[in-house]
Amino acid sequence: MLRTSASRVLDDSDRDEALALLDSDPVANVFVSSRVRAVGLNPARLGGQMWGFGPRGGLVSLCYAGANMVPVSAGPEAVHAFADRARKQGRRCSSIVGQVDAVSLLWERLEPHWGRARAIRWAQPVMATSRRPPVPADPLVRRVRPEEFDILLPACVAMFTEEVGVSPNLGDGGALYRTRVAELIRIGRSYARIDDGKVVFKAEVGAVTPHACQIQGVWVAPELRGRGYAVAGMAAVVEAAMSCFAPVVSLYVNDFNRSARAVYRKVGFHEVDTFMSVLF
C-alpha cells in the first residue's frame with residue numbers, strides 16, 4: 001500500500017512520466033497536460049507546484065497546485081496525501097476542479113481547515129466530440145485580431161462574471177485576466193463574431209495538447225440569445241479547433257445549464273465524464 005509520504009513535489013526530471021499519466025485520459029486531463037507541455041514542471045514556470053503520488057518510476061496520481069487545484073487520476077490514498085499537503089501549505093488557489101470523485105473527497109478533507117467555499121458546482125458534465133459538426137457553421141465567426149482586444153474584453157468580463165459569480169476585475173483590478181485574454185488572442189485561440197464593433201458570439205480554445213483541446217468562455221450577447229448564434233458559432237469553433245489544434249474537442253458545463261447542454265449536443269458533443277468545481 002502506498003503511504004502519504006509518497007506525495008512529493010515534481011520537477012522537470014519527472015516530465016515524461018507525468019505526461020504518460022496525463023495522456024492516459026487526454027480529455028479529462030487536457031488543462032494540466034497543456035500546462036506541462038508548454039512550460040514543464042519547474043514551479044517558477046508552471047505557476048505553481050505539481051504534486052506526485054507514487055515513487056519515481058511508479059507515479060500513479062498528480063495534483064496541479066497553482067491558481068487552480070486539479071487532482072489527476074487520484075484515488076482515495078492519493079487524495080488524502082494531496083489534502084494533507086494542501087492543508088499544511090494553506091489555500092493558495094481560487095478553485096478546486098476535476099473529476100467529481102476526487103474533488104468531492106479532497107474538499108471533504110479540506111473544508112474543515114479552509115472554511116466554506118463561495119460556491120460549489122457539484123456536477124459539471126464533461127462533453128467531447130471527434131466528429132465534424134452536423135449543423136452549419138457561422139461563416140462570420142473568426143479569429144479575433146490583436147487590435148480588437150478592447151472590443152472583446154467587455155464580453156469576456158461579462159461571461160466570466162455570469163459564469164463564476166464574481167468579476168475578474170476584483171483583486172488586481174483585472175490585470176491577470178486581461179493578460180490571459182490578450183495572450184489567447186495573440187496565439188490565435190480566441191474566436192468571435194463581431195458585427196459593427198459588437199461581440200455577438202465568442203469562445204476560446206483554452207487548453208491544447210496533441211490529443212485534445214478544450215473550449216471555454218462560450219458567450220452570446222444576452223439580447224441575442226435564442227436566435228441560433230450559439231449553435232452556429234460553436235460549430236465554427238469546433239471546425240477550427242479540429243483543423244488547427246487537436247482531433248478531439250472538449251468542454252465542461254454546469255449540469256443546471258440546460259440550454260448550453262442542448263446547444264452542445266446539437267453541435268455533436270456527448271457526455272464522457274463529470275467534473276466538480278469548488279470556488280473561493
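As the structure is a computational prediction, the values presented were derived from the model and not from experiment. (Residues numbered from 1 in each chain as written. Predicted model: local features only at pLDDT ≥ 70, side-chain atom pairs only at ≥ 80, totals over all residues. Heavy atoms only, no water.)

Broken down by element type, the chain carries 9 helices and 12 strands. Its C-alpha radius of gyration of 19 Å places the chain within 12% of the 19 Å reference for a compact globule of 280 residues. Counting only residues that meet the buried cut, the chain has 50% of its 280 residues in that class. Long-range pairs, those at least 24 residues apart, make up 70% of the contacts in the chain with a sequence separation of at least 6. Approximately 12900 Å² of the chain is accessible, and the part contributed by carbon and sulfur atoms is 52%. Computed over 34 positive and 28 negative side-chain charges, the inter-centroid distance for the chain is 2 Å. (Helix = DSSP H or I, 4+ residues; strand = E, 2+ residues; numbered from the N terminus. Rg over C-alpha atoms; globule rule 2.2 N^0.38 Å. Buried < 20%, exposed > 50% of the residue type's maximum accessible area, 1.4 Å probe, protein only. Contact = heavy atoms within 4.5 Å. Areas by Shrake-Rupley, 256 points an atom, 1.4 Å probe, with all protein chains shown as cover. Lys, Arg positive; Asp, Glu negative; His and termini not counted. Charge placed at Lys NZ, Arg CZ, Asp CG, Glu CD.)

Let us now look at the pairing of strand 11 (residues 248-252). Here strand 11 lies mainly inside the structure; 4 of its 5 residues are buried. Pairing analysis gives 4 bridges linking strand 6 (residues 119-129) to strand 11, with the strands arranged antiparallel. Paired with Val126 across the strands is Tyr252, a residue of strand 11. (Pairing = 2+ DSSP bridges.)

Mapped onto the present numbering, the UniProt feature "domain: N-acetyltransferase" (unreviewed entry) falls on residues 139-280. When the span residues 139-280 is considered, its composition is 38% helix and 30% strand, and the gap between its end C-alpha atoms is 39 Å. (UniProt positions renumbered as here; feature names shortened; annotations may be inferred.)

Phi is positive for Ser73, which is not a glycine, with a value near 50°. Its relative accessible area of 29% is what places Ser73 among the partly exposed residues. Positive phi, normally seen in glycine, also occurs at Asp196, with a value near 50°. Checked against the element boundaries, Asp196 lands in the loop between strand 8 (190-195) and strand 9 (198-208).

Within the structure shown, the criterion is met by 8 aromatic pairs. Consider the rings of Phe31 and Tyr64, whose centres lie 5.8 Å apart with planes at 75°: the pair is edge-to-face. Pair noted here: Phe31 is in helix 2 (residues 30-39) and Tyr64 is in strand 3 (residues 61-65), with a separation of 33 residues, a long-range link. The partly exposed category is assigned to Phe31, whose relative accessible area is 28%. (Phe/Tyr/Trp six-rings, centres within 6.5 Å; stacked < 30°, edge-to-face > 60°.)

Moving on, we get to the pairing of strand 8. Counting buried positions along strand 8 yields 5 of 6 residues, so the element is predominantly enclosed. Two strands pair when backbone bridges link them, and strand 7 (residues 142-143) and strand 8 are joined in this way by 2 bridges, in the antiparallel orientation. Following the sheet pairing, Arg142 is matched in strand 8 by Ala192. Bridging between strand 8 and strand 9 involves 6 bridges; their strand directions are antiparallel. Residue Ile194 lies in a different strand from strand 9, and its bridge partner there is Val199. The antiparallel pairing of strand 8 with strand 9 creates a hairpin that spans 2 residues between the two strands, and Asp196 there sits at a positive phi of about 50°.

Attention now moves to the side chain of Ser7. Assignment of secondary structure puts Ser7 in strand 1 (residues 7-9). Setting aside residues no more than four positions away along its own chain, Ser7 makes contact with Gly52, Phe53, Ala81, Phe82 and Arg85.

This paragraph deals with the environment of Glu183. Along the chain, the position of Glu183 falls in helix 7 (residues 175-186). We classify Glu183 as partly exposed; its relative accessible area is 29%. In sequence terms Glu183 and Pro146 are 37 residues apart; their C-alpha atoms lie 9.3 Å from each other. There is a polar contact of 2.8 Å between the side chain of Glu183 and the side chain of Arg186. (Polar contact = N/O pair within 3.5 Å; in protein donor to acceptor, adjacent residues only side chain to side chain.)

So, about helix 7. Since the α-helix advances by 3.6 residues per turn, residues separated by three or four positions end up pointing in the same direction. A rise of 1.5 Å per residue sets the reference length of helix 7, with its 12 residues, at 16 Å; its end C-alpha atoms lie 16 Å apart and thus fit the reference within 8%. Within helix 7, the full set of buried residues consists of Tyr177, Val181, Leu184 and Ile185. An end-on view of helix 7 places all buried positions within 105° of arc, on one side of the element. Facing away from the buried side of helix 7, by more than 90 degrees, are the exposed residues Leu176, Thr179 and Arg186. Contact partners of the buried residues in helix 7: helix 6 (149-164), strand 8, strand 9 and strand 10 (212-220). (Expected span 1.5 Å × (residues − 1). Arc of directions from axis to C-beta.)

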